[in-house]
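Chain by chain, the residues:
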There are 2 protein chains.
Amino acid sequence: MRTPVNQYVVTRPLYSEDSFADDHEKVYRKHKTTLDHVKQFVTCDSKRVKNAALSLLPIVGWMKMYRIKEWMLGDIVSGVSTGLVAILQGLAYSLLASLPAWYGLYAAFFPVIIYFFLGTSRHISVGAFPVLSLMVGAVVTRLVPDEGPAANITGFEGLTMDEQRAIVSASLTFLIGIFQLAMGALQVGFIVIYLSDTLVSGFTTAAAVHILISQLKFVLGLNVPGFSGPLAIIYILERVFAQITSTNIYDLVTSIVVMVVVFAVKEINERFKSKLPVPIPIEVIMTIIACGVSFAFNFKENHGVDVVGKIPDGFEAPVAPNLQIFKETAVDAFPMAVVGFAVAFAVAKVYSVKHDYVIDGNQELIAFGASNIFGGAFKSLAASTALSRSAVQESTGGKTQIAGALSAIIVLVVTLAIGFLLEPLPKSVLGAVVIVNLKGMLMQVREVPYLWRKDRPDCIIWIVTCLASILLGLDLGLAVGLGVELIAVVFRTQFPRCSVLANIAGTDIYRDRKDYINIYEPEGVKIFRIPSPIFFANIDFFRGKLVDAVGFNPLRILRKRNKALRKIRKLIKKGELTVTSKGLQVTGSYPIEESEDESNMEELDQPVDFSDLPVQVNWRAELPCNISVPPVDIHSLVLDFSAVSFIDISALKGLKTALKEFVRVDVELYIVACDSYIIEKLKSCKFFDDEIKTSIFFLTLHDAILHIHELHPPLTVSEKVNDFHNKMQNGNASLRSREKTSKEPETKF
Amino acid sequence: MRTPVNQYVVTRPLYSEDSFADDHEKVYRKHKTTLDHVKQFVTCDSKRVKNAALSLLPIVGWMKMYRIKEWMLGDIVSGVSTGLVAILQGLAYSLLASLPAWYGLYAAFFPVIIYFFLGTSRHISVGAFPVLSLMVGAVVTRLVPDEGPAANITGFEGLTMDEQRAIVSASLTFLIGIFQLAMGALQVGFIVIYLSDTLVSGFTTAAAVHILISQLKFVLGLNVPGFSGPLAIIYILERVFAQITSTNIYDLVTSIVVMVVVFAVKEINERFKSKLPVPIPIEVIMTIIACGVSFAFNFKENHGVDVVGKIPDGFEAPVAPNLQIFKETAVDAFPMAVVGFAVAFAVAKVYSVKHDYVIDGNQELIAFGASNIFGGAFKSLAASTALSRSAVQESTGGKTQIAGALSAIIVLVVTLAIGFLLEPLPKSVLGAVVIVNLKGMLMQVREVPYLWRKDRPDCIIWIVTCLASILLGLDLGLAVGLGVELIAVVFRTQFPRCSVLANIAGTDIYRDRKDYINIYEPEGVKIFRIPSPIFFANIDFFRGKLVDAVGFNPLRILRKRNKALRKIRKLIKKGELTVTSKGLQVTGSYPIEESEDESNMEELDQPVDFSDLPVQVNWRAELPCNISVPPVDIHSLVLDFSAVSFIDISALKGLKTALKEFVRVDVELYIVACDSYIIEKLKSCKFFDDEIKTSIFFLTLHDAILHIHELHPPLTVSEKVNDFHNKMQNGNASLRSREKTSKEPETKF
């Protein structure tokens, strides 16, 4: 192996895949069958049971290693801070779901308790998530619209609109939980990887736009009904602008003040991040001030400001989910289950990497599923996590979900004991807080020009997902985005740049012929590189490119040859051609036959069959009796498979047909650098037969080219000159073994 | 280049991509920008205009080269045969669309006339297609159900049910035409490649099942209403079995007789294909016999048999399409436009390959679009092609669309002149003929076991498409199938088999370490092969596999090192460690610090910074004061990119993060066999910086390994023994430059 500095010297036998297999025996590796996997799955021993139990109850793991002295203080501080934020966000996000404010508070309590036991992330704050709340809101307003009658559902009789909505939200949350639990049980947590960064970015930007529009009515103090379905955003804007003159000036001023102050203080928090021990909790401060002001001046009575209103000082009794609502909302609940989980998992992953512990996607699904089922039973809003709240929990020193549990207790205390203090809080303040917090999500728009410059398909995914989510609604938009994303993957491999390779003289390196000047293309050989997997969507494209590259259509040549052969047979029968030692000789004056015999078209596609003729016809020589067949100017075709990472059934069939056509016009075929799994697959799919043999595989391009050179030694210059003179003197020369195109400089004398 | 027989000898400079670029200058190739493409597209000269006009009117092309003497006879024979089949199929397929029988006849006339001028295929027979007719039928029965009121559409007032249905069908056909014309104008004919063979096979099998079920009511003479939407097939079966006792025995017997005879004669046709001049037109014969028998015994009056009934002896006046129906059916029309075109194009392609002429997908879309718009205006059923009818047209000698035009004339004559002869034809006969013709489509089920053995994902696509199309209906089923198909492409590249490569001793060949016994893995080097494109769905998978392959998590190591450094700095500050010429020496008794300093976690992820320390720490040596950092036992990591055919933005970010982590723990990185387009893309996306340089790219694996060997000469055996003893004697040895794992046999002495 040792070589002089900067020299690459290799001497080894020339290898085809077959000869390599002879020299180097492969270790037999038993691959597990489906049965083995099933067996392994159902095998049960005490260790497995213990591990399974532990992984189902992660609290046992982290409780054992809890360091009270070091972690407790952080958890308490974090729990209190997170709790305050959770109350505020719970109130605000329940407005997004078109529900009375306290159902958002429930989301900061019930699900958190279950997640405490089942969750594997130690830092996320479980509870309401604005995008999810908005999606719930779309369903709630569809089934129980502001204007017009509610959907015809048993159990709605005699209830107020808010109570009906609470039941819809509770059942929907329950169903989301069931979907998540089922996905966790089926171990399909991996599906979230289909939600790529680009897709999520476009989707959340659209969600931010929806949230912004939906909060306008609170900020302006207008009475606009909720819309759902495609183009809902247009209808809402239409109604808002139609009523804009009846804006409540107190709401507007309060909102603007809150927005400006919160925005400014957030900027300060960001700028002096390193110097501040904890960020200033400006939202909480502004909320308290707003409560005070609203109470002092009696905003509700005196100025018609819409306030949070009475919060019940106790929990409501649990309810069974409504099966009729399940049926109405099943199609909506599935994307919500996925989005809710995907966001929580993404946030959890960031913290797990930062703090170096392991989270388990499937266990997270189970945890969220159980949390939402439990929450749904208590009429809580669907739970996921909010990035901002989780950031508070982590940055204020939270080490484990004990912080989360403490935040839930804070929420409990406020709900039960001092909830009445929040009664005078104007909804416009909550709306303003929500809007200010959209900055980060809306700012994702700045990715677009970057993506456009760097990766056109990704940019298109972003734009389509965002526009579709804005215009068609979040659920349909997500589906459209997913579709576009999947098509983009297919598209990237669908029209790849095929290239004809040639040799960098004096080396074993082959590069695109067009890229270099001093590059040597062996005579009579075409090296075609397939730069992507081959599958149904690009096999025809490759076949076209291959025909372009070699410069002739092998099927057409084959048919012409077979037709010529028919003619020759006919002429021999008629005695106008006879077979001599020198080949075919014209003996009669033959008539020019114009009409083509079109019977038996299929026969023309069969291999050329000389068996009933006394001689073989040399297709490279000129044929007698004006029979002409287009020349084939290559003797070997090499396909570089190094980038072919998979091949499907359609591609396999198409490839076989294409290769056969070349074999039948006497072009020798080589496939190089093919993955051994693909060779195995070809073998198992009966790819090989009398015409296409396993001996066509060579280890590297250079191995194949060396092999071809052995079979077809390149002509020296003097040989070439002779060849040229021969051709000039004797049009019928049977030696004419190679055709040269004008492209190759070597042929110009 | 010449080498001895079967030897592979190469001597050349060692190349990284950079040094190769220095030695071999690339030709500058200007790539067209989007602007150039637009310019080219809008450029207009007389030649282009002429070509465009010609390609829009293909008839001009083939009429010029029409050989009257040779082709005319074939076209006439073919036209007459096809016309007779077209009448029969037109009647039968209009039953699938739940329309009166003559609207199917229109489909064999109006669209054909337009296709004659605009179509590029010379052999397909344009007209009704059973699957498309069934899809039209689903929409027709949804808007105008058998039971209950019709949809609330202006223009329905005062019309009979059949007239309403005819309007729905006409408007739908018109809309399908508009979609096809639009797709043709936008040049998106390529979308049909997404309908892979597997998908189409599963879909048409499901369609055959639907057709079979829908014809049961005619065969049994029952009065079952049409259903549409998901699970329609179940409802139909339910109703059929509920009524099975009221089966009309005359219908049943007639059907069975027709089915048996037609089936038997078709088998004979197939078996004696080569001996028969034309196949026996058994369907036409049976139809005529059935007409006669039904008329003679007055089946309709005497036995309550449902017959075709009065066929109007003239065309109906053209109608304008109904915009309200457009709105109601837009979602249905799009998949129909695609399916109708896709089938016709697939059939046309088969004949174009067989007869060696060119068809143009986009022009075909335009032709079918115009045909359907014209047909729709005359209340024709939506047109595509039926495989069986096209086979008749081609096999009876049809050479051009003149045969098609003649078949249209035959249909015209029958419709206008002798249509009344068809009046007594029982519908059960038509149903029986349709059912017998399903054999080929239903037999596609036999592909399933073949696919299961050969290509699992393809098999799943087939089954899912088929089941979804049966249960959810053809439109939804097609959408589901498409989704599954796209996911399958992603899935194939999502969990590829990564492998660690090693060297076949004495060669430049690298293979999977686990596959061979006598394989040499260079010490301290890991060669990791990425066997597929890298994109959002598999980048995390690869990062995980890479960490598994090298055996350590680089980020964790980096953090441990940075933590150790913090400790060392603290100890030096306290004076318990001092810097001597020999490195760090312990000078005091240090306390064991338990608590970890968790502030500034982000800093731990930064590169190790020795700038404020008087010495560099040798991480391979043991550290003083019980500070321990896990060892890193490789010095170089080589990534084989030969199968990476593309890389997207998410993957690029993830890859960069992963590579940085390795660079920061002093592992040298190499990427080999990377496509030059990918290198260019990485450059344009600012992939390279101070830590990841362009010099990491090498031409081949062997180039990189030789380069690594130069930098890290392998130890000889005696050196190894020394190294080993050193380690044993002196735990602090700073020489300890390489760690060996027990896996490598070389380290076992």
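Report on the accompanying structure. Remember, it's a predicted structure, so these values are computed and weren't measured experimentally. Residue positions are counted from 1 within each chain, in the order its sequence is given. The order in which chains are written sets their letters, starting at A; the order in which ligands are written sets their numbers, starting at 1. Local features in a predicted model are, by the rule used here, given only for residues with pLDDT of at least 70; side-chain atom pairs are given and counted only at 80 or more, and totals for whole chains, interfaces and linings are based on all residues. Excluded from the side-chain calculations are hydrogens and water; all other atoms, namely the structure's heavy atoms, are used.

## Some points on the overall build of chain A
Okay, so step 1: Secondary structure elements are taken from DSSP: a helix is a run of H or I of four residues or more, a strand is a run of E of two residues or more, and numbering for both begins at the N terminus. In terms of helices and strands, chain A carries 30 helices and 12 strands.
Okay, so step 2: Seen through its C-alpha atoms, chain A measures out along the principal axes to roughly 120 × 60 × 50 Å.
Okay, so step 3: A simple rule labels every residue: compare its accessible area, found with a 1.4 Å probe on the protein chains alone, to the largest value its type can have, and call it buried under 20%, exposed over 50%, or partly exposed in between. Here chain A holds 749 residues, and the buried ones make up 53% of them.
Okay, so step 4: Every residue pair with non-hydrogen atoms within 4.5 Å of one another is taken to be in contact. Pairs at least 24 apart in sequence give 80% of the contacts found in chain A among residues at least 6 apart.
Okay, so step 5: Roughly 33,700 Å² of accessible area belongs to chain A as shown, and the carbon and sulfur atoms make up 62% of that amount.
Okay, so step 6: Asp and Glu are treated as the negative residues and Lys and Arg as the positive ones, with His and the ends of the chain left uncounted. We put the charge of a Lys on NZ, of an Arg on CZ, of an Asp on CG and of a Glu on CD. Measuring between centres, the 73 positive side-chain charges of chain A sit 3 Å from its 73 negative side-chain charges. Accessible surface is estimated by sampling points in the Shrake-Rupley manner with a 1.4 Å probe; for residues, cover comes only from the protein chains shown.

## Examining the pairing of strand β4 (residues 499-504) of chain B
Look at any regular strand and the pattern is simple: side chains alternate between the two faces of the sheet.
Residues and elements named next belong to chain B.
Okay, so step 1: Counting buried residues in β4 gives 6 out of 6 residues, a clear majority hidden from the surface.
Okay, so step 2: Strands qualify as paired when DSSP identifies two bridges or more between them. The pairing of β4 with strand β7 (residues 525-529) spans 3 bridges and is classified as antiparallel. By the bridge assignment for β7, Val-500 is matched with Phe-528.
Okay, so step 3: The antiparallel pairing of β4 with strand β5 (residues 510-512) creates a hairpin that spans 5 residues between the two strands, and Gly-506 there sits at a positive phi of about 80°.
Okay, so step 4: Both β4 and strand β6 (residues 519-520) contribute to a ladder of 2 bridges, which runs antiparallel. By the bridge assignment for β6, Asn-503 is matched with Tyr-520.

## Brief notes about helix α19 (residues 427-436) of chain B
All names here are of chain B.
Okay, so step 1: Of all the 10 residues making up α19, 10 are buried; the element is thus mostly covered by neighbouring parts of the structure.
Okay, so step 2: Here α19 has its buried residues at Lys-427, Ser-428, Val-429, Leu-430, Gly-431, Ala-432, Val-433, Val-434, Ile-435 and Val-436.
Okay, so step 3: Buried-residue contacts for α19 involve α5 (68-96), α10 (197-220), α12 (249-271), α13 (282-296) and α20 (439-442).

## Here's the deal with the pattern of salt bridges
Residue and element names in this part refer to chain A.
Okay, so step 1: The salt bridge definition used is simple: a Lys or Arg side-chain nitrogen within 4 Å of an Asp or Glu carboxyl oxygen. This model, assessed by the stated rule, comprises 58 salt bridges over all chains.
Okay, so step 2: Glu-267 is paired through a salt bridge with Lys-439; the nearest N and O atoms lie 2.9 Å apart. In this pair, Glu-267 sits in helix α12 (residues 249-271) while Lys-439 sits in helix α20 (residues 439-442), placing the two residues 172 residues apart along the sequence.
Okay, so step 3: Judged by relative accessible area, which is 36%, Lys-439 ranks as partly exposed.
Okay, so step 4: Where Lys-660 meets Asp-689, a salt bridge forms, and the shortest distance between an N and an O atom there is 2.7 Å. Taken together, the residues span a long stretch of sequence, with Lys-660 in helix α27 (residues 649-664) and Asp-689 in the loop between α28 (676-684) and β12 (697-698) at a distance of 29 residues.
Okay, so step 5: Residue classification places Lys-660 among the buried residues on the basis of a relative accessible area of 18%.
Okay, so step 6: Residue class for Asp-689 comes out partly exposed when judged on its relative accessible area of 29%.
Okay, so step 7: Each of Lys-656, Lys-660, Arg-664, Asp-689 and Glu-691 takes part in a single network of salt bridges with overlapping partners.

## Side note on the packing of aromatic side chains
Okay, so step 1: Only Phe, Tyr and Trp rings take part, Trp by its six-membered ring, and two of them pair if their centres are within 6.5 Å. Stacked means planes under 30 degrees apart, edge-to-face means over 60, and tilted covers everything else. Across all of its chains, the model carries 56 aromatic pairs over all chains by this definition.
Okay, so step 2: Ring geometry for Trp-102 of chain A versus Tyr-103 of chain A: centroids 5.4 Å apart, planes at 40°, classification tilted.
Okay, so step 3: Looking at Tyr-103 of chain A, the relative accessible area reads 3%, which means it is buried.
Okay, so step 4: Measuring from ring centre to ring centre gives 5.2 Å for Tyr-115 of chain B and Phe-368 of chain B, while their planes differ by 45°; the resulting arrangement is tilted. In this pair, Tyr-115 of chain B sits in helix α7 (residues 110-118) while Phe-368 of chain B sits in helix α16 (residues 361-377), placing the two residues 253 residues apart along the sequence. For the pair Tyr-115 of chain B and Phe-368 of chain B, a shared accessibility class is recorded, and that class is buried.
Okay, so step 5: Directly above the aromatic system of Tyr-357 of chain A lies the positively charged group of Arg-122 of chain A, at a separation of 4.4 Å from the ring centroid.
Okay, so step 6: Positioned over the ring face of Tyr-8 of chain A is Arg-12 of chain B, at 3.7 Å from the centre of the ring. The rule for a charge over a ring is simple: NZ of Lys or CZ of Arg within 6 Å of the ring centre, and within 35 degrees of the ring normal.

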